[in-house]
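Residue-level listing of the chains:
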Amino acid sequence: MNAPIRRPLPPSLYADTAVAPASTPPLDRDKTVSVAIIGGGFTGLSTALHLAEQGVDIAVLEAQQPGWGASGNNGGQVNPGLKHDPDRIEADFGAELGGRMIAFAYGTTNFTFDLIRRCQIPCEARQNGTLRAAYNEASAAAIANTAKQCIRRGMPVMLLNREQMRETTGTDRYLCAMLDNRGGDLHPLSYARGLARAAIAAGAAVHGETPALSLSREGAHWRVETPRGIVRAEKVLLATNGFTDDLWPGLRRTIVPVFSSIAATAPLSEEVAREIMPTRSVLYESGHITVYYRIDAHNRLLMGGRGPMRWISKPTDVAYLIRYAERLWPRLKGVTWTHGWNSRLAITPDHYPHVHEPAENLLISLGCNGRGVALSTAMGARLARRLVGGKNAEIDMPITGIKPMALHAFWPLGVTAAVVTGRVRDRLGI
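A brief look at the structure comes next. The model shown is predicted, which means the values in this text are computed figures rather than measured ones.

**Focus: the overall build of the chain**
If you tally the helices and strands in the chain, you get eleven helices and 18 strands. The C-alpha extent of the chain, read off along each of the three principal axes, is 65 × 45 × 45 Å. Within the chain, counting contacts between residues at least 6 apart in sequence, those at least 24 apart form 75% of the total. With an accessible surface of roughly 17,000 Å², the chain has 53% of that area assigned to carbon and sulfur atoms. Side-chain charges in the chain split into 48 positive and 38 negative, and the spacing between the mean points of these groups amounts to 3 Å.

Structure below.
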């Protein structure tokens, strides 16, 4: 078997400032466990932690190192909910399952912050709220409708008007926003490394630089081939999200791996940082092409959004995000932008998370659609329940069949066209 190809972390702000990684040596021998987890992002690590805390013997197999992908390179926003509004979720899945999905999805942020406190994970976590903001009339009407649906269900949200948004963000760009105080932010790579450390402390084995090369049945077990050893497991969880390959037939073609990019400034003065986001809430815009941003614990502005559908390594690769920041806050002209980076996240055609059970004792979870920090953390507890309890253990998400997308090979062209079209529609307000 060949040695794995070791890839350094993307050159991000997070890579330069994260806590030290846990020791996750490559698998170097054959091993038999109760559960093998393929993928060392938030989903796999949270599932590993919750299984290990129940005494389950598990091994996490990560192709690079925990948090290498989107888990350690995202915007750091801990946002509640799903892509669709509560009424749409109930219409799609019925009152019973839909209601459970809503309660679960909007509770994921509290779950995440509680877990961070319980495990004492040092990751700059702050529960200062999430703003979903509108800059045109169509988005403003949609956000007002979302807020109404959430308030009707007793959620702690409020609708901020234009003047309130000017005071909250330091720009007059926004007509309104829905504030959900359950949201917040964290340092995602430090969080991923903290989850790995917590899982290991609970008894999990976490192996970095250990890609799964093949997955097959071998008698009563699953057989996972890696470069230096074979893992035999009673059950397997696939949690590879935006880096899903052909390990399971057709799975790669059920998601679109989309690059999301971030540019970060050097630490701003306290005066400027307080003018921009005095409450330190995180913000994402409601539009066809989402822009999101936050001021981190060290007064750096992190601006995120769709960028090139390729790997980037410097802030000038996403100059449009810098120009947009200067449009929002002219005082930023001339500030130093120190980092620009990206990673791949998984978008599903229906914008719901996908959970599959295509074979006995095989569970798959992927497709966070940009809400991965809180959603995948909380999903870890649900997936652990399913892996322990089997089909009698209900989870608060539908379990669906694998449906590969037609013309999936053309996704780069489709994403590029969608980005261009979305930006035009946002400018026109349609």
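The rest of the description comes next.
**Some thoughts on empty space enclosed by the protein**
What the rule picks out here adds up to three cavities of 30 Å³ or more. Its boundaries defined by the atoms lining it, the largest cavity holds a volume of some 120 Å³. Lining the largest cavity are 15 residues, and of these Pro80, Tyr106, Arg132, Met178 and Tyr284 lie nearest its centre. Elements represented by at least two residues in the lining of the largest cavity include exactly strand S4 (130–134) and strand S6 (176–180). Broken down by element, the residue count for the lining of the largest cavity peaks at three residues, all from S4.

**Re the packing of helix H4 (residues 108–119) against helix H10 (residues 372–389)**
Axis separation between H4 and H10 bottoms out at 8 Å; the angle between their running directions is 75 degrees. Put simply, H4 runs roughly perpendicular to H10. Mapping the contact onto sequence places Thr108, Thr109, Phe111, Thr112 and Leu115 in H4 and Val373, Ala374, Leu375, Thr377, Ala378 and Ala381 in H10. Taken together, the residues of the contact of H4 with H10 break down into seven nonpolar, four polar and no charged.

**Here we look at the pairing of strand S1 (residues 31–38)**
When a strand is regular, its side chains alternate between the sheet's two faces. Most of S1 is tucked away, with six of its eight residues classed as buried. Looking at chain direction, S1 and strand S11 (residues 230–238) are connected through seven bridges and run parallel. Each bridged residue has a counterpart across the sheet, and for alanine 36 the counterpart in S11 is valine 236. A crossover connection joins S1 to the parallel strand S2 (residues 58–61) through helix H2 (residues 42–52); in handedness this β-α-β unit is right-handed.

**Points about the sheet that holds S4**
Within a sheet, neighbouring strands are paired by backbone hydrogen bonds and run either parallel or antiparallel to one another. Taken in spatial order, the eight strands line up as S5-S6-S4-S13-S14-S15-S12-S16 in an open sheet, and their pairing is mixed. Each of the sheet's edge strands pairs with one partner strand only, and the pair in question is strand S5 (157–160) and strand S16 (337–347). When the angles between neighbouring strand axes are averaged without regard to direction, this sheet yields 20 degrees. As paired elements, strand S12 (residues 256–265) and S16 share ten bridges and run antiparallel to each other. By the bridge assignment, alanine 263 is partnered in S16 with glycine 340. Where helix H9 (residues 319–328) meets the sheet, its contacts fall on S12, strand S13 (282–285), strand S14 (291–295), strand S15 (301–306) and S16, and the angle it forms with S15 comes to roughly 125 degrees.

**Topic: the pairing of S4**
By the criterion of burial, S4 is predominantly enclosed, with five of the five residues buried. Strand direction decides the pairing type here: S4 and S6, joined by five bridges, are antiparallel. Residue pairing across strands places alanine 134 opposite cysteine 176, the latter belonging to S6. As defined by bridge partners, S4 adjoins S13 across four bridges and the pair is classed as parallel. Bridging across to S13, alanine 133 finds its partner in glutamate 285.

**With respect to the packing of aromatic side chains**
Taken as a whole and judged by the stated rule, the model has nine aromatic pairs. Residues tyrosine 14 and tryptophan 341 carry aromatic rings whose centres are separated by 5.2 Å and whose planes lie at 75 degrees to one another, so their mutual orientation is edge-to-face. Pair noted here: tyrosine 14 is in helix H1 (residues 13–17) and tryptophan 341 is in strand S16, with a separation of 327 residues, a long-range link. A relative accessible area of 0% means that tryptophan 341 is categorised as buried. Where tyrosine 293 meets tryptophan 329, the ring centres are 5.0 Å apart and the plane angle is 85 degrees; that geometry is what we call edge-to-face. Residue tyrosine 293 is found in strand S14, and its partner tryptophan 329 is found in the loop between H9 and S16; the two are separated by 36 residues along the sequence. Judged by relative accessible area, tyrosine 293 falls into the buried class, the value being 1%. Put simply, the rings of Trp68, Phe243, Phe259 and Trp311 pair up and form one aromatic cluster. When the ring centre of tyrosine 135 is taken as reference, the NZ or CZ atom of arginine 173 above it lies at 4.0 Å. Taking NZ or CZ as reference, arginine 217 lies 4.7 Å from the ring centre of tryptophan 222, over its face.

**What about the nonpolar core?**
Leu51, Ile58, Leu82, Tyr191, Leu195 and Met397 are the most contacted members of the largest nonpolar core, which has 60 residues in total. In terms of residues, this core owes the most to one element, H10, which gives eight residues. Apart from residues no more than four positions distant in its own chain, isoleucine 58 is found in contact with Val33, Val35, Ala48, Leu51, Ala52, Ala204 and Ala205. Grouped together as the second largest cluster of nonpolar side chains are 30 residues, Leu160, Ala177, Tyr324 and Leu328 included.

Scoring rules and cut-offs
Residues numbered from 1 in each chain as written. Predicted model: local features only at pLDDT ≥ 70, side-chain atom pairs only at ≥ 80, totals over all residues. Heavy atoms only, no water. Helix = DSSP H or I, 4+ residues; strand = E, 2+ residues; numbered from the N terminus. Contact = heavy atoms within 4.5 Å. Areas by Shrake-Rupley, 256 points an atom, 1.4 Å probe, with all protein chains shown as cover. Lys, Arg positive; Asp, Glu negative; His and termini not counted. Charge placed at Lys NZ, Arg CZ, Asp CG, Glu CD. 1 Å grid on protein atoms, 1.4 Å probe; cavity = no way out; pocket = protein on both sides within 12 Å on 5 of 7 lines; lining within 4 Å. Points joined across faces, edges and corners; volume = space filled by probe spheres on them. Axes fitted to C-alpha atoms, helices over the stretch in contact; angles between N-to-C directions. Parallel < 35°, antiparallel > 145°, perpendicular 65-115°, else oblique. Nonpolar A, V, L, I, M, F, W, Y, C, P; charged D, E, K, R; others polar. Buried < 20%, exposed > 50% of the residue type's maximum accessible area, 1.4 Å probe, protein only. Pairing = 2+ DSSP bridges. Right-handed = clockwise from strand over helix to strand, strands pointing away. Phe/Tyr/Trp six-rings, centres within 6.5 Å; stacked < 30°, edge-to-face > 60°. Lys NZ or Arg CZ within 6 Å of the ring centre and 35° of its normal. Core = buried A, V, L, I, M, F, W, Y, C linked by side-chain atoms within 4.5 Å.

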